[in-house]
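Okay, here's what each chain looks like letter by letter:
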Amino acid sequence: MTKDRLPVHVAIIMDGNGRWAKARGMGRTQGHLEGVKRVEEIIKAARNAGIKFLTIYAFSTENWTRPHEEVSMIMRTFIQVLGQKARDLCKNGVAIRFIGRRQGVPSEVLEAMDKAAALVPDPHLMTLNVAFNYGARGEIVDAAKNLAVQAADGRVKPEDIDEKAFSACLYTKGQPDPDLLIRTSGEERISNFLLWQLSYAELYLTEKCWPEFTEEEFLKALSVYAQRERRWGGVKIN
Ligand code: IPE
Ligand code: IPE
Ligand code: MG
C-alpha cells in the first residue's frame, strides 16, 4: 500500500462483544475478555502499518445504563489491562491519551488512566486515543462552554470563533480528523462518537463482531480505504 493511501487517523467503534459471546453460549464477560485480545492485536497492527493516530471507543457516556455487574466488570478489566499493557505499549512507541469526561469515572480508574497517560514513548510512533466515558455531544458542549468562558473573560472575541478555534477546544485538539471509521458487528450508526471529527471520514462497516476483528480484518479495512475516492465536496481532478 502506498503511503498516501494509508489513513493517518483511524477511529473504531468496537461493537458486538455481547452478541459474539451469546452466539457461542457464553456470558457477556467472555465477550469483553475476547474483545480485549483484539484491542491489543489491532493496536499493534495499526502501529506496524504506520497509522499515526488510532482512536478506539471503549466506553460511552450511555454505557453506564448497562447492568451494574457488567459496568463494574468493564471497569475492573480496564484497570487491569492498563496496568499490564501500558508500559509495553510505551516501549513500542505508542502514546496513550484518554478522551471523554473525567467526572463520573471512579477514582481507581482515573488513577490507572493517569499513570498510562504519563508514559512518554521515545520515539513516539503512534497516538492511541481511548474514548472512555466519552460522548460526542458532551464533548461539543464542553467545547462551547470553554469558548463561552474565554469570551466572557475577554480572551477571545466572538467574531474570532471559527472551525479551527472550535476544534482546538475538543478533546482531540491538535490531532487530524479521522480518515477512516470502522464499526464492527453489522450496526450502521455513529452512537454518539466523534460527531464533529467524523465529518469527512470514510466509513467501513463490517458484519464481524469485535472479538472476530483480527489483524487480517483490519488490513482488509485499510485496503478498502485505499480504493476509496475522497472528494471533500469537490469534483474529481484527474
Ligand atoms: C462493545 O460490545 C463493547 C462496549 C460497548 C463496552 P457490546 O457490549 O456493545 O456488545 P453487543 O453490542 O451487546 O453485542
Ligand atoms: C458503542 O457501542 C459504544 C462503544 C463501542 C463503547 P454500543 O453498543 O454502546 O452502541 P449502541 O447502543 O448499539 O448504539
Ligand atoms: Mg453494542
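Each remark here, short or long, concerns the structure printed above.
Residues numbered from 1 in each chain as written. Chains lettered and ligands numbered in written order. Predicted model: local features only at pLDDT ≥ 70, side-chain atom pairs only at ≥ 80, totals over all residues. Heavy atoms only, no water.

Asker: What should I look at first to understand the packing of helix α3 (residues 68-91) against helix α4 (residues 107-118) in this one?
Answerer: For the pair α3 and α4, the least separation of the axes is 9 Å and the interaxial angle reads 25 degrees. In this view, α3 runs roughly parallel relative to α4, as classed from their interaxial angle. In the packing of α3 onto α4, the handedness of the crossing is left-handed. When α3 is examined against α4, the residues Met75, Phe78, Ile79, Leu82 and Ala86 are found in contact with a partner set consisting of Glu108, Val109, Ala112, Met113 and Ala116. Grouping the constituent residues of the contact of α3 with α4 by class yields nine nonpolar, no polar and one charged. (Axes fitted to C-alpha atoms, helices over the stretch in contact; angles between N-to-C directions. Helix = DSSP H or I, 4+ residues; strand = E, 2+ residues; numbered from the N terminus. Parallel < 35°, antiparallel > 145°, perpendicular 65-115°, else oblique. Left-handed = near helix turned anticlockwise from the far one by under 90°. Contact = heavy atoms within 4.5 Å. Nonpolar A, V, L, I, M, F, W, Y, C, P; charged D, E, K, R; others polar.)

Asker: So what exactly am I meant to see when it comes to the site of ligand 1 here?
Answerer: Neighbouring residues of ligand 1: 13 residues in total, closest Asp15, Gly18, Arg19, Arg28 and Arg66. Within the contact set of ligand 1, an oxygen atom lies 2.9 Å away from a side-chain nitrogen or oxygen of Arg28. Within the contact set of ligand 1, an oxygen atom lies 2.7 Å away from a side-chain nitrogen or oxygen of Arg66. Elements with a contribution of two residues or more to the shell around ligand 1: α1 (17-23), α2 (28-49) and α3. For the shell around ligand 1, the element with the most residues is α1, which contributes three residues. A breakdown of the residues in the shell around ligand 1 according to their chemical character gives three nonpolar, five polar and five charged. (Near = heavy atom within 4 Å. Polar contact = N/O pair within 3.5 Å; in protein donor to acceptor, adjacent residues only side chain to side chain.)

Asker: I'm lost on the pattern of salt bridges in this one. Help?
Answerer: Charged atoms that come close allow side chains of opposite charge to pair. Evaluated as defined, the whole model comprises 19 salt bridges. Among the salt bridges present, the one from Arg38 reaches Glu34, with a minimum N-O distance of 3.2 Å. Within this pair, Arg38 and its partner Glu34 are both found in helix α2, separated by four residues, close to a single helical turn. For the pair Arg38 and Glu34, one class covers both residues: buried. (Salt bridge = Lys/Arg side-chain N within 4 Å of Asp/Glu carboxyl O. Buried < 20%, exposed > 50% of the residue type's maximum accessible area, 1.4 Å probe, protein only.)

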